[in-house]
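Summary of structural features
What follows is each chain in one-letter form.
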Amino acid sequence: MTDLKTDIIHLGDCLEVLRGLPSKSVDMVFADPPYNLQLGGDLLRPDNSKVDAVDDDWDKFDSFATYDAFCRDWLKECRRVLKDEGSIWVIGSYHNIFRLGVAIQDMGYWVLNDIIWRKSNPMPNFKGTRFTNAHETLIWAAKSRDQKRYTFNYDALKAFNEDTQMRSDWTFPLCTGEERIKGEDGKKAHPTQKPEALLHRVILAATRPGDVILDPFFGTGTTGAAAKRLGRHFIGIERDETYAKVAETRIATVIPAAAEDLKVMGSKRAEVKVPFGALVEAGLLAPGDRLYSPKGDREARVRADGSLVSGEFTGSIHKLGAILENAPACNGWTYWRFKTDQGFKSIDALRSEIRATL
């Protein structure tokens, strides 16, 4: 395996560059591929002025079949370079996202979510012949269906969203104003520049500080700018030299956040599992010690094997709690208490003591 160079923009064809990257080397892929708009002519406003639409050569394909073959080629290489616990994000419009979705599923990826990016300032439908196209879709997928782990910073996103579970519909404005990069002629440097806020959320959701993010259609470097700001590494691939130079200049001005400000809020699911028996083995609880329900009206004795007994009933901390409460399930860690000089404390505090030593 060759050494992986990060924080770099590769100038060249995405397939050729992808094939030169080592297998299982990146933590996340963010792909904003050509839309294949299949425009049939100029788009005009009611005043007959021309809309600055996407009509560049990189967005033109001879047929749907040609486009599909291209997409399956780069998706195949991205899957190869993804680590086994990695994930991929692909964004597109109604012109291409459904074709990409089929390819993603056919190639063995496992779709985790589709995210709707609702544009708060969409371009109007000037002809009045269709609904205003006000959103794009992101597909978030794991590398495979059998994948046991992938990064999802659920608790961090919940805190980010004022302690409310983050939903799959996100509202951001189109990239305008000072954020929109323009050339010396005053025109947009890239027709489909994405807002950095969108990439900020994607990266915050599915990576950790220090992770490597691959963007095979780098454009003017939004992924790289957001990655650098958030303490992640990036690998960009861009075939247009002008776009690559703009991206390089842009990213050079980004100041990363301080390391202590990049820590991601931990998740209960990510914590090391500790069996109740470990508390007995460590001497934090002894056989014969008594545990109590939250109201103190039920009690159980601890046994040497880590089970509990209460009258004629025995079982794990979870099973016995459920039996005594006549409930279908019970979280024994938050249900049972033990007596201290300061009053009752949850046995979860003892589990935290064990985790601190691991």
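In this text the structure is predicted, and so the values were computed from the model without any measurement. (Residues numbered from 1 in each chain as written. Predicted model: local features only at pLDDT ≥ 70, side-chain atom pairs only at ≥ 80, totals over all residues. Heavy atoms only, no water.)

Here we look at the pattern of salt bridges
This is how it is decided: When a carboxyl oxygen of Asp or Glu is within 4 Å of a side-chain nitrogen of Lys or Arg, the pair counts as a salt bridge. Numbering of helices and strands starts at the N terminus; helices are DSSP runs of H or I of at least 4 residues and strands are runs of E of at least 2. Burial classification: accessible surface area is computed with a 1.4 Å probe over protein chains only, and a residue below 20% of its type maximum counts as buried, one above 50% as exposed, and the rest as partly exposed.
This structure, assessed with the given rule, holds 16 salt bridges. Here lysine 24 and aspartate 84 are joined by a salt bridge, their closest N and O atoms 3.2 Å apart. Taken together, the positions of lysine 24 in the loop between helix 1 (14-19) and strand 2 (26-31) and aspartate 84 in strand 3 (residues 82-92) put the pair 60 residues apart, joining distant regions of the chain. Look at aspartate 84 and you get partly exposed, because its relative accessible area is 44%. With its nearest N and O atoms 2.7 Å apart, the salt bridge here joins aspartate 169 to arginine 167. Using a relative accessible area of 58% as the deciding quantity, one classes arginine 167 as exposed. In this structure, a network of salt bridges that share partners links the residues Lys24, Asp84 and Lys143.

Thoughts on the sheet that holds strand 7 (residues 212-215)
Threshold: Only strands joined by at least two bridges in the DSSP assignment are considered to pair. In this analysis an axis means a line fitted to C-alpha atoms, helices contributing only their contacting stretch, and an angle means the value between N-to-C directions, from 0 to 180 degrees. When checking whether two residues touch, look at their non-hydrogen atoms; a contact exists if any pair is within 4.5 Å.
The sheet built from eight strands is open, its strands ordered 1-8-7-2-3-5-4-6 with mixed pairing. Only two strands of the sheet have a single neighbouring strand rather than two, namely strand 1 (8-11) and strand 6 (169-172). Direction aside, the axes of adjacent strands within the sheet are offset by 20° on average. Here strand 2 pairs with strand 3 via five bridges, running parallel. Along strand 3, the bridge assignment pairs valine 26 with leucine 82. Packed on one face of the sheet, helix 7 (residues 241-252) meets strand 1 and strand 8 (233-238) and runs near 175° to strand 1.

A short note on the nonpolar core
Rules: The term nonpolar core refers to a set of buried residues drawn from Ala, Val, Leu, Ile, Met, Phe, Trp, Tyr and Cys, joined through side-chain atoms within 4.5 Å.
Within the largest apolar cluster, 32 residues are counted, with the highest numbers of intra-cluster contacts made by Trp74, Leu75, Ile88, Tyr109 and Leu214. Those elements giving two or more residues to this core turn out to be helix 1, strand 2, helix 2 (64-81), strand 3, helix 3 (97-106), strand 5 (135-142), strand 7 and strand 8. Broken down by element, this core gets its largest block of residues, seven residues, from helix 2. Setting aside anything within four residues of it in sequence, one finds tryptophan 74 in contact with Cys14, Leu15, Leu18, Ala31, Pro33, Val90, Leu100 and Phe217. Of all hydrophobic cores here, the second largest spans 30 residues; its members include Trp170, Ala205, Phe218 and Ala227.

Some remarks on the pairing of strand 2
The element strand 2 is extensively covered by neighbouring structure, given that six of its six residues are classed as buried. Note: strand 2 against strand 7, two bridges, orientation parallel. Pairing of valine 29 across the sheet is with leucine 214, part of strand 7.

Limitation: the analysis is restricted to geometry and does not speak to function.
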